[in-house]
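As a plain string of letters, each chain reads:
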Amino acid sequence: MSNTQGDPAIAARQRWMGALATAPGSRLKAMWDALDGIPPYQMLRAPETGLVMTRGRVGGAGAAFNIGEMTVTRCSVRLADGTVGHAYLAGRDKAQAERAAVLDALLQRSETATAIQEQIIQPLLDERAARDRSRAAKVAATKVDFFTMVRGED
């Protein structure tokens, strides 16, 4: 069992970082542009793109194996008050990684967290849930139920 399980602060950060990492770039940019007063920040690690090895498990729980490499972009920033924000996301969108890192930092500050949660994170989570429901409905429509008939013996 991970020592992070049960820690609400870590769970909340995982939730918002997941929302930022999976948000469509154009949608996150539109939300960013609508924000008032992004504070000045300093780059600790400018957005950079690299590769990570993705792994899977046979049957979801069996032996681990390498699936292949995936492109990721990461960024780290520091706000004027010293709060540090990080972002890792799939793909090569450096601007999105920078925006996500700044938002991560803002979400850690009590004076900005509620507004960012309401204006960006919750809408992104709601939109992702709607996309997931739509995809699940499309998959369910193609589901085939197989059954075996057993012949009785006379």
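About the cut-offs
Residues numbered from 1 in each chain as written. Predicted model: local features only at pLDDT ≥ 70, side-chain atom pairs only at ≥ 80, totals over all residues. Heavy atoms only, no water. Salt bridge = Lys/Arg side-chain N within 4 Å of Asp/Glu carboxyl O. Helix = DSSP H or I, 4+ residues; strand = E, 2+ residues; numbered from the N terminus. Buried < 20%, exposed > 50% of the residue type's maximum accessible area, 1.4 Å probe, protein only. Axes fitted to C-alpha atoms, helices over the stretch in contact; angles between N-to-C directions. Parallel < 35°, antiparallel > 145°, perpendicular 65-115°, else oblique. Left-handed = near helix turned anticlockwise from the far one by under 90°. Contact = heavy atoms within 4.5 Å.

Focus: the pattern of salt bridges
Evaluation of the coordinates by the stated rule reveals eight salt bridges. In this structure, Arg-13 and Asp-104 form a salt bridge, with 2.6 Å as the shortest nitrogen-oxygen distance. Here Arg-13 is found in helix H1 (residues 8–22), whereas its partner Asp-104 is found in helix H3 (residues 94–107), with 91 residues between them in sequence. Assessed through its relative accessible area of 25%, Arg-13 is described here as partly exposed. Assessed through its relative accessible area of 0%, Asp-104 is described here as buried. Glu-127 is paired through a salt bridge with Arg-27; the nearest N and O atoms lie 2.7 Å apart. Pair noted here: Glu-127 is in helix H4 (residues 110–141) and Arg-27 is in helix H2 (residues 25–34), with a separation of 100 residues, a long-range link. What you see here is one network of salt bridges that share partners, running through Arg-45, Glu-48 and Arg-74.

Describing the packing of H1 against H3
Running from N to C, H1 and H3 point in directions that differ by 160°, and their axes come no closer than 10 Å. Comparing the axis directions of H1 and H3 gives the class roughly antiparallel. The two elements H1 and H3 meet at a crossing, and its hand is right-handed. Contact with H1, carried on its side by Arg-13, Trp-16, Met-17, Leu-20 and Ala-21, involves Gln-96, Ala-100, Leu-103, Asp-104 and Leu-107 of H3 and no other residues of that element.

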